[in-house]
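One-letter residues, chain by chain:
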Amino acid sequence: MALEGLWGRAFVKLGTRCPKDALYEGRDERLLARLGDELRCLHRGGVSATDNELVSLFFRCANDAMCVSTAEEVFVLMRSSFRVSQDVKAALGSLAGYTGDRQPSGVDLILRQWVDIPLESKFRGFVCKGNLTALAQYYHFCYFASVVRDKASIQKRITDLFQQVKPLLHHESYVIDFAVLADRVLVVEIKPFHYSTGAPLFSWKKGSADRQILLHGPFTFRVTETANPDPMERHLAKFWAIFMRAYRGEAQKRGKTSPPLRAVHPNDAARQ
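Read on for a plain summary of the structure. (Residues numbered from 1 in each chain as written. Predicted model: local features only at pLDDT ≥ 70, side-chain atom pairs only at ≥ 80, totals over all residues. Heavy atoms only, no water.)

### A closer look at the overall build of the chain
Quick note on the threshold: The secondary structure listing takes helices from DSSP runs of H or I that are at least 4 residues long and strands from runs of E that are at least 2 residues long, numbered from the N terminus. Any residue under 20% of the maximum accessible area for its type is buried, any over 50% is exposed, and the rest in between are partly exposed; the area is computed with a 1.4 Å probe on protein chains only. When checking whether two residues touch, look at their non-hydrogen atoms; a contact exists if any pair is within 4.5 Å. For the accessible areas, the method is Shrake-Rupley and the probe is 1.4 Å, while residue cover comes only from the protein chains on display.
Within the chain, the regular secondary structure consists of 12 helices and eight strands. Across the 272 residues of the chain, 43% fall into the buried class. In the chain, 70% of the contacts between residues at least 6 apart in sequence involve partners at least 24 apart. With the model as given, the accessible surface of the chain reaches about 15000 Å², and the carbon-plus-sulfur share is 53%.

This is the structure:
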């Protein structure tokens, strides 16, 4: 069943978390096809991509695969996510034996109109007691020269929008994600100000200088200023790292047998 009455393309999540792990850590066929097409194009064009570029390509394709256009795609994506499974089980557990007078909290299934957001455009802000204490590049494991170059402009555009939306938010402390696009800045999502919410380029660790910044400032904006060493090993699931290296021919350099440019299924890659 198509989602034509709901914009045609949508982003799906629970009220708690999205199913991104189904793509980042799973074996999604749509992602496999997208990556295969992109890597074949690189090969035909004679492009030798760096590890940083390949990791960026992976996450761009994975995020694109989050776009759903049918009820079947919604079901498959949600069913494949361990995060979704965890949150649903937690909600069901909270309902077991519930005898209170108030309606217990359940699980919300949220569909939003799809908006294309490049990796380099997303940033996470931390707000404590009404003050924007910190800002960070969301996809911190990727290096983007444009983000480093335009850091001051990005900061100004985000802080200007924050001052506009701050009076509309009825919370003192929260984590807020922004998308800085060419023609506008968007608020993507608002999450709890809590250690369970990821803090890219910062740390929630008790007693750390980073935690003091998140709680009290002074305002600090961090971006990735150089390419990370060996990002595929550090930031991709093992079978996806093998898949990417097989296309680039890295396996041959390490003395392993690697097939010519063709789809290496992650199920096979994971067994290597």
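### Some words on the sheet that holds strand E1 (residues 10-14)
This is how the line gets drawn: Pairing between strands requires that DSSP locate at least two bridges from one strand to the other.
Here three strands make up an open sheet; going across it, the order is E2-E1-E3 and the pairing antiparallel. With one partner strand each, in any of the chains shown, strand E2 (67-68) and strand E3 (109-113) form the two edges of the open sheet.

### Description of helix H8 (residues 209-216)
Where we set the bar: Summarising the geometry, the arc corresponds to the directions from the helix axis toward the C-beta atoms.
Looking at H8, one finds that the buried residues are Asp-210, Ile-213 and Leu-214. Buried positions in H8, seen along its axis, are confined to an arc of 95° and lie on one side of it. What points out from H8, more than 90 degrees from its buried face, is the exposed set Ala-209 and His-216. Tucked into the core, H8 has its buried residues touching strand E4 (122-128), strand E5 (131-137) and strand E8 (220-222). Phi for Gly-217, located one or two positions after H8, is positive at around 85°.

### Considering the packing of aromatic side chains
Aromatic ring pairs are reported here in terms of the distance separating the ring centres and the angle at which the planes meet. Spelled out, the test is: The aromatic pairing rule takes the rings of Phe, Tyr and Trp, using the six-membered ring of Trp, and pairs them if the centres are within 6.5 Å, calling planes under 30 degrees apart stacked, those over 60 edge-to-face and the rest tilted. Comment: the charge-over-ring label is applied if NZ (Lys) or CZ (Arg) is within 6 Å of the ring centre and within 35 degrees of the ring normal.
In this structure the tally under the stated criterion is 13 aromatic pairs. Here the aromatic rings of Tyr-138 and Tyr-139 are separated by 4.9 Å at their centres, their planes lie at 70°, and the arrangement is edge-to-face. Here the two residues Tyr-138 and Tyr-139 agree in accessibility, since each one is buried. Over the ring of Tyr-138 we find Lys-122; its NZ or CZ atom is 4.1 Å from the centre of that ring. A cation over an aromatic ring shows up here: Lys-151 above the ring of Phe-221, its NZ or CZ 5.5 Å from the ring centre.

### Observations concerning the nonpolar core
Stated precisely, the cut-off is as follows: For this analysis, a nonpolar core means a set of buried residues of the types Ala, Val, Leu, Ile, Met, Phe, Trp, Tyr and Cys, connected via side-chain atoms within 4.5 Å.
Within the largest apolar cluster, 61 residues are counted, with the highest numbers of intra-cluster contacts made by Leu-31, Leu-35, Phe-58, Trp-240 and Met-244. With residues near it in sequence (within four places) discarded, Phe-58 still touches Leu-23, Tyr-24, Leu-31, Leu-35, Leu-236, Trp-240 and Met-244. Judged by nonpolar contacts, the second largest core, of 11 residues, contains Val-175, Phe-193, Trp-204 and Leu-214.

### Side note on the layout of surface pockets
What counts here: The distinction between a cavity and a pocket rests on a 1 Å grid over the protein atoms alone: a 1.4 Å probe fits inside a cavity but cannot get out, while a pocket stays open yet meets protein on both sides within 12 Å along at least five of seven lines, and a residue with an atom within 4 Å of a point counts as lining. Grid points are joined across faces, edges and corners, and a volume is the space filled by probe spheres set on the points. Residues are sorted three ways: Asp, Glu, Lys and Arg are charged, Ala, Val, Leu, Ile, Met, Phe, Trp, Tyr, Cys and Pro are nonpolar, and all the rest, Gly among them, are polar.
Its boundaries defined by the atoms lining it, the largest pocket holds a volume of some 1400 Å³. Of all the secondary structure elements, the ones that give two or more residues to the lining of the largest pocket are E1, helix H3 (51-64), E3, E4 and strand E7 (185-191). With seven residues, the top contributor of residues to the lining of the largest pocket is H3. Across the lining of the largest pocket, the residue classes tally to 25 nonpolar, 10 polar and 13 charged.

### Some details on helix H2 (residues 29-44)
Selection rule: Expected span of a helix, by definition, is 1.5 Å for each gap between consecutive residues, and there is one gap fewer than residues. Whenever two N or O atoms come within 3.5 Å, that pair is a polar contact, provided that in protein one can donate a hydrogen and the other can accept it, and provided that, for residues adjacent in sequence, both atoms are side-chain atoms.
Between its first and last C-alpha, H2 extends 22 Å over 16 residues, near the 22 Å set by a 1.5 Å rise per residue. Where H2 is concerned, the buried positions are Leu-31, Leu-32, Leu-35, Gly-36 and Leu-39. For H2, the angular spread of buried residues about the axis comes to 130°, placing them on one side. Where H2 begins, the capping side chain belongs to Asp-28, and its oxygen is found 3.0 Å from the backbone nitrogen of Arg-30. Backbone geometry just downstream of H2 places Gly-46 in the positive-phi region, at approximately 70°.

### Digging into the pattern of salt bridges
Test applied: Only one rule defines a salt bridge in this text: a Lys or Arg side-chain nitrogen within 4 Å of an Asp or Glu carboxyl oxygen.
Here the structure, examined in full by the defined rule, presents 15 salt bridges. Here Asp-21 makes a salt bridge to Arg-83, at a shortest N to O gap of 3.8 Å. Remark: Arg-83 occurs in helix H5 (residues 82-95) and Asp-21 occurs in helix H1 (residues 21-24); sequence separation between them is 62 residues. Considered together, Asp-21 and Arg-83 belong to a single accessibility category, that of buried residues.

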